[in-house]
Amino acid sequence: QRKDLFPSCKKRMHHGIIVVLTQSINVITRYKQFYPEGGLKSDSFGRMGSLAHYKRVKSLLDDTKGDVFLGGETDEAQHYIAPTVVKDVSSADALMSDEIFGPILPVMAVKDMDEAIAFVNNREHPLSLYVFANDSAVQKKSEFNCTLMG
C-alpha cells in the first residue's frame, strides 16, 4: 500500500504539477539498496571536504523549518552528512538561502509553472533546477527555459 508522503504538497498543486520525489522512485528502497548499512558505514559515500564546509552545510540542515523525510544523520568527526531529503520547505527556509553543495535535497511545492518560474527569476541564478511532475507535457514545456538559468 502506497503512503502519501507529501500530503501538504498536493493541497498546493495545480494542473498536475507535483514536486514529489516518491512519485517516480521509492526513495527509502533506493537508499537502502545503495547503502544497506547506512551511508556512514559506506566506503563509497563521500564526505565533506573540510570541517568548515561540513559545519556550513550542517548549519543549513539544523536551521531548516522543513521536515526531514530521509537521512539527516551527521558525524562531525568524519565530516559526514547522510543523503537527506527535506520536504515542506518554504522559500524563506535556510536551505533556500544559499547553494548547498552537499547531499541535501530540499523539496518545495509550487501551485503552478508561473509561480515556479517567478520563484527562480526572483532569486540569485541557481546552478540547477529540477522539475518533478506527473504530467509529461509539464516536464517538456519550454517555459522553464525562460528562467534566468535557461
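See the structure above.
Keep in mind it's a predicted model, so treat the numbers as computed, not measured.

1. Some points on the nonpolar core
Formed by 16 residues in total, the largest nonpolar core has its most connected members in Val57, Ile81, Val86, Leu95, Ile100 and Ile104. Broken down by element, the residue count for this core peaks at 4 residues, all from helix α3 (residues 51–63). Each residue touching Val57, except ones within four places of it in the same chain, is listed here: Met48, Ile81, Ile100, Phe101, Gly102 and Ile104. Judged by nonpolar contacts, the second largest core, of 9 residues, contains Phe69, Tyr80, Ala82 and Val107.

2. Quick word on the side chain of Thr64
By the secondary structure assignment, Thr64 is in the loop between α3 and β1 (67–70). In this structure the side chain of Thr64 is engaged in a polar contact, spanning 2.8 Å, whose partner is the side chain of Asp93. Every residue in contact with Thr64, bar those within four places of it in the chain, is listed here: Val86, Asp93, Ala94 and Leu95.

3. A word on α3
Its 13 residues give α3 an end-to-end C-alpha distance of 18 Å, which sits within 8% of 18 Å, the value for a rise of 1.5 Å per residue. Of the residues making up α3, those classed as buried are Tyr54, Val57, Leu60 and Leu61. Along the axis of α3, the buried residues cluster in a sector spanning 130 degrees; they form a single face.

4. Looking at the pairing of strand β4 (residues 84–87)
The two faces of β4 match: Thr84 and Val86 on one face and Val85 and Lys87 on the other face are all buried. Here β1 pairs with β4 via 3 bridges, running antiparallel. Following the sheet pairing, Val68 is matched in β4 by Val86. Of the pairings in the sheet, the one linking β4 to strand β5 (residues 104–106) comprises 3 bridges and is parallel in character. Paired with Val86 across the bridge in β5 is Pro106.

5. A word on the pattern of salt bridges
Summed over all chains, the structure comprises 2 salt bridges. Between Asp98 and Arg56 there is a salt bridge, with the nearest N and O atoms lying 4.0 Å from each other. Taken together, the residues span a long stretch of sequence, with Asp98 in the loop between β4 and β5 and Arg56 in helix α3 at a distance of 42 residues. A relative accessible area of 46% places Asp98 in the partly exposed class. Judged by its relative accessible area of 27%, Arg56 falls in the partly exposed class. A salt bridge links Lys58 to Asp62; its shortest N-O distance comes to 2.9 Å.

Each value, and the rule that gives it
- Residues numbered from 1 in each chain as written.
- Predicted model: local features only at pLDDT ≥ 70, side-chain atom pairs only at ≥ 80, totals over all residues.
- Heavy atoms only, no water.
- Core = buried A, V, L, I, M, F, W, Y, C linked by side-chain atoms within 4.5 Å.
- Buried < 20%, exposed > 50% of the residue type's maximum accessible area, 1.4 Å probe, protein only.
- Helix = DSSP H or I, 4+ residues; strand = E, 2+ residues; numbered from the N terminus.
- Contact = heavy atoms within 4.5 Å.
- Polar contact = N/O pair within 3.5 Å; in protein donor to acceptor, adjacent residues only side chain to side chain.
- Expected span 1.5 Å × (residues − 1).
- Arc of directions from axis to C-beta.
- Pairing = 2+ DSSP bridges.
- Salt bridge = Lys/Arg side-chain N within 4 Å of Asp/Glu carboxyl O.

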